[in-house]
Amino acid sequence: MQTTLADFLRDTPDGEEAKSIVGKCVHCGFCTATCPTYQLLGDELDGPRGRIYLMKQAIEGNPVSDSTRLHLDRCLTCRNCESTCPSGVRYGRLVDIGRKVVDERLDAAGIRRPLRQRALRWALREGLTRPRLFGAAMRVGQAVRPLLPPVLRNKVPPRVDAGPWPQAGQARKMLLLEGCVQPSMSPNINSATARVFGRLGVQMVVADGAGCCGAIRYHNGDHDGGLDNMRRNVDAWWPHVEAGAETIVMNASGCGVMVKEYGHLLRHDPRYAERAARISALTLDVSEILPQFADRLAELAGDRRDSAQRVAYHPPCTLQHGQQIRGNVEALLTRLGIDVRLCADSHLCCGSAGTYSVLQPELAYQLRDNKLANLEATQPETIVSANIGCITHLQSGTPTPVVHWVELVDRMTA
């Protein structure tokens, strides 16, 4: 599509990038076949092709409305369309830019979101991105969990023990991002990761000062705040990188896809561009690392390989579409003697999608229920995934245990 940028975007990094992305779209419509919201709503403007048209109108300076914002808000940013697109349209980047442009134009015109929506978005940006604040709130919620209404109880998992963190001393060292909500909602994921790597002779190092990856702010329109989160992490990790930390390990795929984009998002920052690119290059999802140790893990699993259990694996969108990593988890768990099954429509989003399940609950729970129906059709003993948001969202709708797959590896190799 040919695009003529409005004056306020001409010669700006966001404007030129958006123009380039829109220019690759050929209106083929392949994306609509795999878009979860289009499948639910059947509206062209609630699919990638229609949303690209709306964003093209916005960056060209044509009128935008509350309806424009609504259709963009309904997008999960699951990036399934990117996996389907034959033209390589980087839709995820476009929708980040498009949402910001539409919000700024509507705010300038005095068309603001309702107060309740603004308050909720502020609370998510400020609350979820501060681990200490969120942790304190989560502890209170867990203490009174039986008294909470279902809509809140779904977001407050029961308290669990993190288990021991292995002693330091291994020769090889890798950095681990703890995450914003994961230490409070499911602390065993990080400690299980550290234990598995410890058995392989690798020490997990948590850098002081590292915090939110920036995704929550950035994907909710606060680009400046998101970029500040990214710079803080670069500063926190850099001394460890200089000291020889060989990899930055991500066990939350939503964080991983964001950190892998630091180099691109900070490319115009003269102070951070080079370091951010290095950080992105060092970042790997845990599913990209542990398969290298498959033989040793199988040896550690020993006789437990004979007691195969049936597991349904839900690959998060941020892993299979955002990072384009497929097959690694299934192959490794199978190597450990586990019966791993993918459900029907495993490419579709579960509805968690960061803050989406809070901001768009009706659609989110429809997607969750559809996903769980498919997962439970495989008759699993356990459901495993690779992102804390998916795990919490799915667990709210089923009695079947939902855990991170690395927790399964931890139990198998203990």
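Our subject in this report is the structure included herewith. Computed from a prediction, not measured in an experiment: that's the story for all the values here.

Side note on the overall build of the protein
For the protein, the helix and strand inventory stands at 24 helices and eight strands. For the protein, whose C-alpha radius of gyration is 21 Å, the value lies close to the compact-globule estimate of 22 Å for 414 residues. Taking all 414 residues of the protein together, the buried fraction comes to 55%. If you take every contact in the protein between residues at least 6 apart in sequence, the share linking residues at least 24 apart comes to 75%. Here the protein has roughly 17,600 Å² of accessible surface; of this, 52% comes from carbon and sulfur atoms. The protein carries 49 positive and 44 negative side-chain charges, and their two centres are separated by 3 Å.

Structural notes on helix α8 (residues 131–143)
If you check α8, its first and last C-alpha atoms are 18 Å apart, about what 13 residues at 1.5 Å a residue would give, namely 18 Å. Where α8 is buried, its residues touch α7 (115–128) and α10 (182–185).

Details of the pairing of strand β2 (residues 202–205)
On β2, burial covers both faces: Val202 and Met204 on one face and Gln203 and Val205 on the other are all buried. Across four bridges, the pairing between strand β1 (residues 172–176) and β2 is parallel. The residue of β2 that forms the bridge with Leu175 is Val205.

Quick word on the environment of Lys155
Tracing the backbone through its elements, the reader meets Lys155 in the loop between α9 (150–153) and β1. A relative accessible area of 23% means that Lys155 is categorised as partly exposed. Note: C-alpha distance between Lys155 and Gln395 (240 residues apart in sequence) is 9.7 Å. The residues contacting Lys155, other than those within four sequence positions of it, are Met138, Met185, Ser357, Val358, Tyr365 and His393. Within the local environment of Lys155, its side chain forms a polar contact with the side chain of Ser357, the two groups lying 2.8 Å apart.

Here we look at the side chain of His393
With respect to the helices and strands, His393 occurs in helix α23 (residues 388–395). On the basis of relative accessibility, which here comes to 3%, the residue His393 falls in the buried class. Reaching out from His393, the side chain makes a polar contact with the backbone oxygen of Ala364 at a distance of 3.2 Å. Every residue in contact with His393, bar those within four places of it in the chain, is listed here: Lys155, Cys350, Gly351, Ser352, Ser357, Ala364, Tyr365 and Arg368.

Remarks on the packing of helix α13 (residues 223–242) against helix α16 (residues 273–282)
Packing of α13 against α16 leaves a shortest axis separation of 11 Å and a crossing angle of 70°. As judged from the angle between their axes, α13 and α16 are roughly perpendicular. Between α13, through Val234, Trp237, Trp238 and Val241, and α16, the contact on the second element is made entirely by Arg275, Ala276, Arg278, Ile279 and Leu282. Looking at the contact of α13 with α16 residue by residue, the class counts come to seven nonpolar, no polar and two charged.

What counts and how
- Residues numbered from 1 in each chain as written.
- Predicted model: local features only at pLDDT ≥ 70, side-chain atom pairs only at ≥ 80, totals over all residues.
- Heavy atoms only, no water.
- Helix = DSSP H or I, 4+ residues; strand = E, 2+ residues; numbered from the N terminus.
- Rg over C-alpha atoms; globule rule 2.2 N^0.38 Å.
- Buried < 20%, exposed > 50% of the residue type's maximum accessible area, 1.4 Å probe, protein only.
- Contact = heavy atoms within 4.5 Å.
- Areas by Shrake-Rupley, 256 points an atom, 1.4 Å probe, with all protein chains shown as cover.
- Lys, Arg positive; Asp, Glu negative; His and termini not counted.
- Charge placed at Lys NZ, Arg CZ, Asp CG, Glu CD.
- Expected span 1.5 Å × (residues − 1).
- Pairing = 2+ DSSP bridges.
- Polar contact = N/O pair within 3.5 Å; in protein donor to acceptor, adjacent residues only side chain to side chain.
- Axes fitted to C-alpha atoms, helices over the stretch in contact; angles between N-to-C directions.
- Parallel < 35°, antiparallel > 145°, perpendicular 65-115°, else oblique.
- Nonpolar A, V, L, I, M, F, W, Y, C, P; charged D, E, K, R; others polar.

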